[in-house]
Amino acid sequence: MGLREVPTAIRGALGFLSRLPVGRSERAWEAFRTAPWTLPVAGYVLGAIAAVPVACALVAPVPAVTVGVAYLLAVVALTGINHFDGVADLGDAAVVHGSAERRREVMGDTVLGVGGTLALAMVVSGLALAGVGLAALPVAVAVGLVVAAEVAAKTAMATLVALGSAAHDGFGAAVADETPPRGLVVPLVLAAPAVALTLPSLAALAGFATALTVALALLWWARGRLGGVTGDVVGGANELARVVALHAGLVVWHADRAAPTTLRGSTGLGEVIAWTPW
């Protein structure tokens, strides 16, 4: 890809991943689908935008549940419902017995089943509750975790695109079959700075690691149960990885606060144990 195509590819990623009025042209799509490195780049942009209402809610005297609602609404308004549809289809496929072809057929059905309803409810409630958890964090840490989770979610998508093979013609074939495994290197490098966004807490690092774990688990499941990666798998990975990354980050941040810090002095009094939050 030439340097002239870089902005076009990024616009294509933003157009595919969000409701922003950019990157909707055929040229942008073609540039994006062969450039998985644009996924974490778009994650930084979308994470920063989604973090704005969270930061505003945190500096205002509002209850934690309001912060949760603000974050949920920001994500839905910014990214739309396409990837949530992938979560619902994955939920339906997960509870179906039969062949990979039968599961893919269920995923393509417009009727929402019990499995899809449960999966969608868990992801939406998990996202809102993560927003409630953000209310207990300092503003800078909360913003950093939101951005890091978004970058981690997009890196999870890049992982499936690079390491997976398409189960059938469609979105999966349009992106997964165009990217070799080595295509994951650049997205990982570009996403790496996000793990430092909550330092000295390792909350962002924990979120990033768990998001990649979700991606690898979905890849294993899709290969065995669907015969490969589909557009629903990639889209569902985005939503699942974001929620898991947020909650993992919240757990680690609270664990950081509760961890004992050993202070060594030169006063001859020995070790002084103090319980000190970040």
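This one's a predicted model, so the numbers in the text were calculated from it and none came from an experiment. (Residues numbered from 1 in each chain as written. Predicted model: local features only at pLDDT ≥ 70, side-chain atom pairs only at ≥ 80, totals over all residues. Heavy atoms only, no water.)

### Quick notes on helix α1 (residues 6-17)
Here α1 contains 12 residues, and its C-alpha end-to-end distance of 17 Å stays within 8% of the 16 Å for a straight helix at 1.5 Å per residue. Burial in α1 covers these residues: Thr8, Ala9, Gly12, Ala13, Leu14, Gly15 and Leu17. Tucked inside the fold, the buried residues of α1 contact α2 (26-33), α3 (38-59), α4 (64-79), α5 (82-94) and α8 (139-163). (Helix = DSSP H or I, 4+ residues; strand = E, 2+ residues; numbered from the N terminus. Expected span 1.5 Å × (residues − 1). Buried < 20%, exposed > 50% of the residue type's maximum accessible area, 1.4 Å probe, protein only. Contact = heavy atoms within 4.5 Å.)

### Regarding the packing of aromatic side chains
Under the definition given, this model contains three aromatic pairs. Members of the aromatic cluster, each reached through a chain of ring pairs, are Phe16, Trp29 and Phe32. (Phe/Tyr/Trp six-rings, centres within 6.5 Å; stacked < 30°, edge-to-face > 60°.)

### A short note on the environment of Arg33
For Arg33, the location among the structural elements is in helix α2. Overall, Arg33 belongs to the buried group, its relative accessible area being 18%. Along the chain, Arg33 and Ala13 lie 20 residues apart, while their C-alpha atoms are 8.1 Å from each other. Engagement of the side chain of Arg33 in a polar contact is seen with the side chain of Glu30, the distance being 2.9 Å. (Polar contact = N/O pair within 3.5 Å; in protein donor to acceptor, adjacent residues only side chain to side chain.)

### Side note on the side chain of His83
In this structure, His83 sits in helix α5. Setting aside anything within four residues of it in sequence, one finds His83 in contact with Phe16, Leu17, Met157, Gly235, Gly236, Asn238 and Glu239.

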